[in-house]
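Observations on chain architecture
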Amino acid sequence: MKILITAGGTSEPIDDVRKITNRSTGKLGLAIGERLLREYPDKLEKLYYLHGETADYPRGPQVEPVRIGGTVDLKERLTEILTRDSIDAVIHSMAVSDYMVDKVTTVEAIKTGVESAEITGNKISSSIDDLAIILKRTPKIIGIIKELSPRTKLVGFKLLSNVPHEELIAVAKGLMEKNRCDFVLANDLKEIGGGMHKGYLVHRDGRVDSMETKEEIAEMIARRVMEQEA
């Protein structure tokens, strides 16, 4: 099988030295990749591993690591791989930024309606007192995967914070239906930390696998994607 994993976080540039990013470490994606390599060495032909700039990647002869910057970079690399190769499964664990920089200006320019007052350069001056960053939505990466490769098994991820369990599962199912996922791994921040990392792997038929640790999550996702039937 050929599998593609995305892991870590994207980084959206403001200028050549400043970026907007998130706290994702990519450790869960790494754990899944290492589990696949360890448990299924004979079945795993290729592992494409698209990872954020600060995220580690698994090592092995089957692994092709691809370092990712921003969301546009991720979209381009993902599209290139899915259209060039036949990918059996995509495990999309990367924390993709919801917004990217549209332009940089000042509060005064916005107040006075001077829309053309955009600030550019390799490094924006630190002497500006009223810097304003205008953001725009990034493309939804998970939505293009089945469009590009309909037969690829897709695992999506949904992280919420301090919600009822029923709501967490319902939102995961909504993500599944919208993006034609085969599985969605649902997490709540209140259940992560202190050695605990609860996860709920939702199936298309409504079944839910419950896990207590990151290692259990990695084992379950690896097992499900390597099964012939979802």
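Residues numbered from 1 in each chain as written. Predicted model: local features only at pLDDT ≥ 70, side-chain atom pairs only at ≥ 80, totals over all residues. Heavy atoms only, no water.

Comments concerning helix α1 (residues 27–39)
Selection criterion: Runs of H or I in DSSP of at least four residues are treated as helices and runs of E of at least two as strands, each being numbered from the N terminus. One fewer than the residue count of a helix, multiplied by 1.5 Å, yields its expected span. Burial here depends on accessible area, computed with a 1.4 Å probe over protein chains only, as a share of the maximum for the residue type. Under 20% is buried, over 50% is exposed, and the range in between is partly exposed.
A rise of 1.5 Å per residue sets the reference length of α1, with its 13 residues, at 18 Å; its end C-alpha atoms lie 18 Å apart and thus fit the reference within 8%. When α1 is considered as a whole, its buried residues turn out to be Leu28, Gly29, Leu30, Ile32, Gly33, Arg35, Leu36 and Leu37.

Structural notes on the pattern of salt bridges
Pairing between side chains of opposite charge can happen when their charged atoms approach one another. The cut-off we apply is this: Each reported salt bridge corresponds to a side-chain nitrogen of Lys or Arg within 4 Å of a carboxyl oxygen of Asp or Glu.
One pass over the structure, following the stated rule, counts 16 salt bridges. A salt bridge links Arg204 to Glu177, with the nearest nitrogen and oxygen atoms 3.3 Å apart. Here the residue Arg204 occupies a position in the loop between β13 (199–203) and β14 (208–211), and Glu177 occupies one in helix α5 (residues 165–179), the gap between them amounting to 27 residues. Given a relative accessible area of 41%, Arg204 falls into the partly exposed group. Linking Glu219 and Arg223 is a salt bridge whose minimum nitrogen-to-oxygen distance equals 3.1 Å. Of this pair, Glu219 and Arg223 both sit in helix α6 (residues 214–226), separated by four residues, roughly a single helical turn. Using a relative accessible area of 25% as the deciding quantity, one classes Glu219 as partly exposed.

Here we look at the layout of surface pockets
Rolled over the atoms, a probe sized like a water molecule indicates the empty space that remains. Let me state the cut-off plainly: A 1.4 Å probe that fits into a set of points on a 1 Å grid over the protein atoms alone but cannot get out defines a cavity; an open set with protein on both sides within 12 Å along at least five of seven lines defines a pocket, and lining residues are those with an atom within 4 Å of a point. Grid points are joined across faces, edges and corners, and a volume is the space filled by probe spheres set on the points. Classification convention: Asp, Glu, Lys, Arg as charged; Ala, Val, Leu, Ile, Met, Phe, Trp, Tyr, Cys, Pro as nonpolar; all other residues, Gly among them, as polar.
Its volume calculated, the largest pocket comes out at about 1,400 Å³. Broken down by element, the residue count for the lining of the largest pocket peaks at four residues, all from strand β9 (residues 153–160). Per-class residue counts for the lining of the largest pocket are 17 nonpolar, 17 polar and seven charged.

Observations regarding unusual backbone geometry
Phi at Asn162 is positive, roughly 55°, even though this residue is not glycine. By the secondary structure assignment, Asn162 is in the loop between β9 and α5. Classification of Asn162 as exposed rests on a relative accessible area of 59%. A positive phi angle, near 60°, is found at Arg180, a position not held by glycine. Residue placement: Arg180 occurs in the loop between α5 and β10 (183–188). Given the relative accessible area of 39%, Arg180 is considered partly exposed.

A short note on the sheet that holds β9
To keep it simple, the criterion reads: Only strands joined by at least two bridges in the DSSP assignment are considered to pair. Helix axes are fitted to C-alpha atoms over the stretch in contact, other axes to C-alpha atoms as well, and angles between N-to-C directions run from 0 to 180 degrees. Any two residues whose heavy atoms approach within 4.5 Å at even a single point are treated as in contact.
Sheet architecture is open: eight strands sit in the order β5-β4-β1-β6-β9-β10-β13-β14, paired in mixed fashion. Because the sheet does not close on itself, it has two edges, and the strands there are β5 (63–68) and β14. Going across the sheet, the axis of each strand differs from the next one's by a mean of 15°, ignoring polarity. Pairing of strand β4 (residues 46–52) with β5, which is carried by six bridges, proceeds in the parallel orientation. Residue Tyr48 lies in a different strand from β5, and its bridge partner there is Glu64. Contacts from α1 reach β1 (2–7), β4, β5, β6 (89–92) and β9 within the one sheet, and its direction differs from that of β1 by about 160°.

A word on the nonpolar core
Inside soluble globular proteins, nonpolar side chains tend to come together where they are buried. Selection criterion: The criterion is simple. A nonpolar core is a set of buried Ala, Val, Leu, Ile, Met, Phe, Trp, Tyr and Cys residues joined through side-chain atoms within 4.5 Å.
Grouped together as the largest cluster of nonpolar side chains are 30 residues, with contacts concentrated most on Leu4, Leu50, Leu74, Leu78, Ile87 and Val90. Elements that contribute at least two residues to this core include exactly β4, β5, α2 (71–84), α4 (142–148), β9, α5, β10 and β13. Take this core: its biggest share by element is five residues, from α5. Beyond its immediate sequence surroundings of up to four residues, Leu74 is in contact with Thr6, Thr10, Leu50, Ile68, His92, Met94, Val96 and Ile141. Leu44, Val155, Ala218 and Ile221 belong to the second-largest nonpolar core, a separate cluster that totals 28 residues.

Describing the pairing of β9
Quick reminder of the rule: The definition of a right-handed crossover adopted here requires that, viewed with the strands pointing away, the path from the first strand over the helix to the second runs clockwise.
With six of its eight residues buried, β9 lies for the most part within the structure. Of the strand pairs in this sheet, β6 and β9 are connected by three bridges, and their pairing is parallel. Paired with Ile91 across the two strands is Val155, which belongs to β9. Of the strand pairs in this sheet, β9 and β10 are connected by six bridges, and their pairing is parallel. Residue Leu159 lies in a different strand from β10, and its bridge partner there is Asn187. Since β9 and β10 lie parallel, the crossover through α5 that links them has a hand, and here it is right-handed.

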